[in-house]
Amino acid sequence: MTRAKRKWDHIQYALTTGQTSNAGFDCVSFVHQSLPNTSLSKVHLGTKIGELKTSSPIFINAMTGGGGAKTLEINSQLARVAKETGVGMAVGSQMAALKDKEERTSYEVVREENPEGLIFANLGSEATINQAKDAVEMIQADALQIHLNVVQELTMPEGDRDFSHALKRIEKIVNHVDVPIIVKEVGFGMSREAVAKLEGVGVNIIDVGGYGGTNFSKIENERRERGLSFFDGWGIPTATSIVEAHSHGSDITILASGGIQTSMDIAKSIALGANGVGMAGYFLKILVDSGYEAVIEEVTSIHEELKMIMTAIGACNLDELQHAPLIFKGEVLEWLQQRQIDTHKYSTRTIHSI
């Protein structure tokens, strides 16, 4: 099977397998504020991803590219959405274009459609320094995502089986590429131990890519004769993974992704410790079903709803939202307690308006 065919298969299976909707956000609640002392007109959504400034915490997370004309059209439309709404955008893995120059246009179109936008390049942890530099140059990227997808590769019939020295390769890329490096999981979550290892080699932005969204084990199992169903429920739910990463206690920038579909999911992600929120499968389904204008309408509505939630909480900006008191219950609480992560500091904190 060609890489391009596999890329298109991934899109098709992502749409048919859907999302698990088990990212853990139902186990997280805000403490209601009867006297929030704020106004909707004073709420701002600007944030920083590392040193990169953006007017919205939302970005369209890595989906596709390298699958011929069909993926070119998807990326073109998503780039138009990003431009119209002011959100960032990541492309899918660019290895296809590095191995076949004819596939470059399916990635380059993103920068062509959105010349001034915030755009992330994307490669796997097997990438070399030169490949990383080429991927950034291809789309004049503002940052480079390095994705970790061990379970997907193991489930993929033709996937990698050797994951040795990935951390060393990431360290080399951090030290030799001039844009910020974002290391992201692909739907299975990231533990605080993994975050500590990444920070140890100079990574200062991570995307937890938690369980609860598009399930790449299920996608790859659709392509196998004998499925590895034990991987279908594997991973750390997104809400839990954000807290895992935040509990590391450093200044590392946390991005949340994995099953995030609503303005409330976004608000909870930020309150748990994220600075930005990636959405992929949710936007893809709207795009395919209703067109890119419907995605623009959805992003606009989410922005408006997020401001309303922040007003109710008493948070005028995302920094204040990160200090909103939260209550945990159910599986998320049980997980965090067993991992000896202090949940009381979330339930007893207070927003101090600037």
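Residues numbered from 1 in each chain as written. Predicted model: local features only at pLDDT ≥ 70, side-chain atom pairs only at ≥ 80, totals over all residues. Heavy atoms only, no water.

Enquirer: Sorry, what's going on with the UniProt feature "binding site: FMN" (unreviewed entry) in the protein here?
Expert: Mapped onto this structure's residue numbering, the UniProt feature "binding site: FMN" (unreviewed entry) falls at Ala62, Met63, Thr64, Ser93, Asn122, Lys184, Thr214, Ala280 and Gly281. Here Ser93 shows up in the loop between β5 (88-90) and α3 (95-99). Within the local environment of Ser93, its side chain forms a polar contact with the backbone nitrogen of Met95, the two atoms lying 3.4 Å apart. By the secondary structure assignment, Thr214 is in the loop between β9 (205-207) and α9 (216-221). A relative accessible area of 16% means that Thr214 is categorised as buried. (UniProt positions renumbered as here; feature names shortened; annotations may be inferred. Helix = DSSP H or I, 4+ residues; strand = E, 2+ residues; numbered from the N terminus. Polar contact = N/O pair within 3.5 Å; in protein donor to acceptor, adjacent residues only side chain to side chain. Buried < 20%, exposed > 50% of the residue type's maximum accessible area, 1.4 Å probe, protein only.)

Enquirer: Even after reading the chapter, I still don't get the pattern of salt bridges, so can you show me in this structure?
Expert: Evaluated as defined, the whole model comprises 11 salt bridges. The closest approach of N and O atoms between Asp142 and Arg111, which form a salt bridge, is 3.2 Å. Taken together, the residues Asp142 in the loop between α5 (129-138) and β7 (143-148) and Arg111 in helix α4 (residues 105-113) connect sequence positions 31 residues apart. Exposure remark for Asp142: the relative accessible area of 25% places this residue in the partly exposed category. A salt bridge links Glu193 to Arg192, with the shortest nitrogen-to-oxygen separation between them at 4.0 Å. On the basis of relative accessibility, which here comes to 38%, the residue Glu193 falls in the partly exposed class. If you follow the salt bridges from partner to partner, you end up with Arg192, Glu193, Glu244 and Arg339 in one network. (Salt bridge = Lys/Arg side-chain N within 4 Å of Asp/Glu carboxyl O.)

Enquirer: Just to check I follow, could you spell out the packing of helix α11 (residues 263-272) against helix α13 (residues 292-313) for this structure?
Expert: In a packed pair of helices, the relevant descriptors are the angle between the two axes and the axis-to-axis distance. Following both chains from N to C, one finds α11 and α13 inclined at 55 degrees, their axes separated by 9 Å at the closest point. As summarised for this structure, α11 and α13 are arranged oblique, according to the angle between their axes. Handedness of the α11/α13 crossing: right-handed. Facing Ser263, Met264, Ile266 and Ala267 of α11, the residues of α13 in contact are Ile302, Glu305, Leu306 and Ile309. (Axes fitted to C-alpha atoms, helices over the stretch in contact; angles between N-to-C directions. Parallel < 35°, antiparallel > 145°, perpendicular 65-115°, else oblique. Left-handed = near helix turned anticlockwise from the far one by under 90°. Contact = heavy atoms within 4.5 Å.)

Enquirer: Is there a simple way to think about the pairing of strand β6 (residues 119-124) in this case?
Expert: In terms of residue burial, β6 counts as a mostly covered element, since six of its six residues are buried. Side-chain alternation along β6 places Ile119, Ala121 and Leu123 on one buried face and Phe120, Asn122 and Gly124 on a second face that is also buried. Pairing of β5 with β6 involves two bridges; the strand directions are parallel. Looking at β6, one finds that Ala90 is bridged to Phe120. Bridge count between β6 and β7: five bridges; the pairing is parallel. The partner of Phe120 across the bridge, within β7, is Ala143. (Pairing = 2+ DSSP bridges.)

Enquirer: I keep staring at the packing of aromatic side chains and nothing clicks. Help me out?
Expert: Applying the stated criterion across every chain yields a total of five aromatic pairs. With centroids separated by 5.3 Å and ring planes inclined at 80 degrees, the aromatic side chains of Phe328 and Tyr346 adopt a geometry described as edge-to-face. Of this pair, Phe328 sits in strand β12 (residues 326-328) while Tyr346 sits in helix α16 (residues 344-347), and the two are 18 residues apart along the sequence. Relative accessible area serves as the criterion here: at 8%, Phe328 is assigned to the buried category. Within the aromatic cluster, the residues linked to one another by ring pairs are Phe230, Phe231 and Trp234. Seen from the ring of Tyr292, Arg80 lies directly overhead, with NZ or CZ sitting 4.6 Å from the centre. (Phe/Tyr/Trp six-rings, centres within 6.5 Å; stacked < 30°, edge-to-face > 60°. Lys NZ or Arg CZ within 6 Å of the ring centre and 35° of its normal.)

Enquirer: What should I look at first to understand unusual backbone geometry in this one?
Expert: Leave glycine aside and you will find that most residues have negative phi; peptide bonds, for their part, are mostly trans. Look at Asn37: it is not a glycine, yet its phi comes out positive at around 55 degrees. With respect to the helices and strands, Asn37 occurs in the loop between β1 (28-30) and β2 (47-49). Here Gln340, not a glycine, exhibits a phi torsion of approximately 55 degrees, which is positive. Mapped onto the fold, Gln340 is located in the loop between α15 (330-338) and α16. Residue class for Gln340 comes out exposed when judged on its relative accessible area of 71%.

Enquirer: Would you take a moment to explain the layout of surface pockets for this structure?
Expert: Any empty space left between the atoms is revealed when a probe the size of a water molecule rolls over them. In this model, the second largest pocket occupies a volume close to 620 Å³. Every element with two or more residues in the lining of the second largest pocket is listed here: α6 (150-155), α7 (166-176) and α8 (192-200). Its residues assigned to classes, the lining of the second largest pocket comprises 13 nonpolar, seven polar and eight charged. (1 Å grid on protein atoms, 1.4 Å probe; cavity = no way out; pocket = protein on both sides within 12 Å on 5 of 7 lines; lining within 4 Å. Points joined across faces, edges and corners; volume = space filled by probe spheres on them. Nonpolar A, V, L, I, M, F, W, Y, C, P; charged D, E, K, R; others polar.)

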